[in-house]
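Structural overview
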Amino acid sequence: MWNSTKSLQLSSICTKLLIAAVFVFAAFLPKMLNAYIAVSPAYSQLAQITPLMVVLYLCCLPALAALFSLDRLLVNIKREEVFVERNVRYLRIISWCCFAVAAFLACAVYYYLIFLAVAIVAAFFGLILRVVKNVIEEAVIIKTENDFTI
Amino acid sequence: MGIVVNLDVMMAKRKISAGDLAKAIGITPANLSILKNNKAKAIRFSTLEEICRVLDCQPGDILEYEKE
C-alpha cells in the first residue's frame, strides 16, 4: 500500500539519483557536448562550445547545492521535523539556487536563445519556492507560539 | 522583561512541588517548567484558572508586569 513514508523514500532516492546524475553529467560534459555538436545541424556547429560549457558547469554548482539542501530537507521531514527554522533555511537556499541558475542561463542567452525559456522556468521555480519558504516561515512562528502556549 | 510569571513564589508559599502542581493542573512537568522559567509565549485562561484554583490565589499573584 502506498503511503507517505514510501513517498518520502521515493523522493529521497530520486534526489540521490539526481545528485549522482549531476556528477556524471559534469564528468562527461565535454564528451557530451562534442557528440551533440557532431550530430546537430550544420548551423549549430558554428556555435561556440566554450561559453556553453562554462555556463553548464556554473549551473552544476547551484544544482548540487539545491539537491543537497533538498536531501537534508527530506531527512528532516522523515524525522517529523517539518516546521523548523532549518527547513526554512534549506528552502531559501534552494530558491536562491534556482535564481542563480536562471541568472547564469540568462547570461548564456547571448549565445543560445533557447536558454531564455529555461531561465524563465528556473526563475519561476525559484519564485514558487520563495513563496513556499514564506509560508513555512510563518508556520514556524505559529508553531513556536503554539508550543509555548501553556 | 514584560510579563513575569512568579509561579515559584506562590508554589513556595503553598509548599507544593512542581510535579504535584503539574499533576493537579493537568499539564506536563515540562510545560510547567516553561511557565516557571518565563519561557512561555502565552497562557491559556483554562490553565490560569486551574493554577489559581490549585494554589488558591488570584492571577495577579502569579503574573506581574515589569517595564522593559
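Residues numbered from 1 in each chain as written. Chains lettered and ligands numbered in written order. Predicted model: local features only at pLDDT ≥ 70, side-chain atom pairs only at ≥ 80, totals over all residues. Heavy atoms only, no water.

- Chain B is annotated in an unreviewed UniProt entry as Helix-turn-helix transcriptional regulator of Anaerovorax odorimutans.

- Within an unreviewed UniProt entry, the label attached to chain A reads DUF2975 domain-containing protein, and the organism entered is Anaerovorax odorimutans.

**Quick word on a nonpolar patch on the surface**
- Taken together, the side chains of Val-121, Phe-124, Phe-125, Ile-128 and Val-132 of chain A present a nonpolar region at the surface, about 460 Å² in accessible area.
- Within the secondary structure layout, Phe-124 of chain A lies in helix H4 (residues 115-147). (Patch = residues over 30% accessible without salt bridge, like charges linked within 9 Å, V, L, I, M, F, W, Y side chains within 5 Å. Areas by Shrake-Rupley, 256 points an atom, 1.4 Å probe, with all protein chains shown as cover. Salt bridge = Lys/Arg side-chain N within 4 Å of Asp/Glu carboxyl O. Helix = DSSP H or I, 4+ residues; strand = E, 2+ residues; numbered from the N terminus.)

**A look at the layout of surface pockets**
Residue and element names in this part refer to chain A.
- Space inside the largest pocket adds up to approximately 550 Å³.
- Looking at the largest pocket, it is lined by 20 residues, and the ones nearest its centre are Val-22, Cys-59, Pro-62, Ala-63 and Val-101.
- Residue assignment for the lining of the largest pocket shows that the elements contributing at least two residues are helix H1 (4-39), helix H2 (49-78), helix H3 (85-108) and H4.
- Considering each element in turn, the lining of the largest pocket owes the most residues, eight residues, to H2.
- Considered class by class, the residues forming the lining of the largest pocket number 20 nonpolar, no polar and no charged. (1 Å grid on protein atoms, 1.4 Å probe; cavity = no way out; pocket = protein on both sides within 12 Å on 5 of 7 lines; lining within 4 Å. Points joined across faces, edges and corners; volume = space filled by probe spheres on them. Nonpolar A, V, L, I, M, F, W, Y, C, P; charged D, E, K, R; others polar.)

**Remarks on the packing of H3 of chain A against H4 of chain A**
All names here are of chain A.
- Across the interface, H3 lies against H4 with an axial gap of 8 Å and an inter-helix angle of 165°. By the angle between their axes, H3 is roughly antiparallel relative to H4. When you trace H3 past H4, the crossing you get is left-handed.
- Classifying every residue of the contact of H3 with H4 by side-chain character gives 22 nonpolar, two polar and five charged. (Axes fitted to C-alpha atoms, helices over the stretch in contact; angles between N-to-C directions. Parallel < 35°, antiparallel > 145°, perpendicular 65-115°, else oblique. Left-handed = near helix turned anticlockwise from the far one by under 90°.)

**Looking at the UniProt feature "transmembrane region" (unreviewed entry) in chain A**
All names here are of chain A.
- Mapped onto the present numbering, the UniProt feature "transmembrane region" (unreviewed entry) falls at residues 51-70, 90-106 and 112-132.
- Split by type, residues 51-70 is 100% helix and 0% strand. Its first and last C-alpha atoms lie 29 Å apart.
- Annotation note: span residues 90-106, helix share 100%, strand share 0%, distance between end C-alpha atoms 24 Å. (UniProt positions renumbered as here; feature names shortened; annotations may be inferred.)

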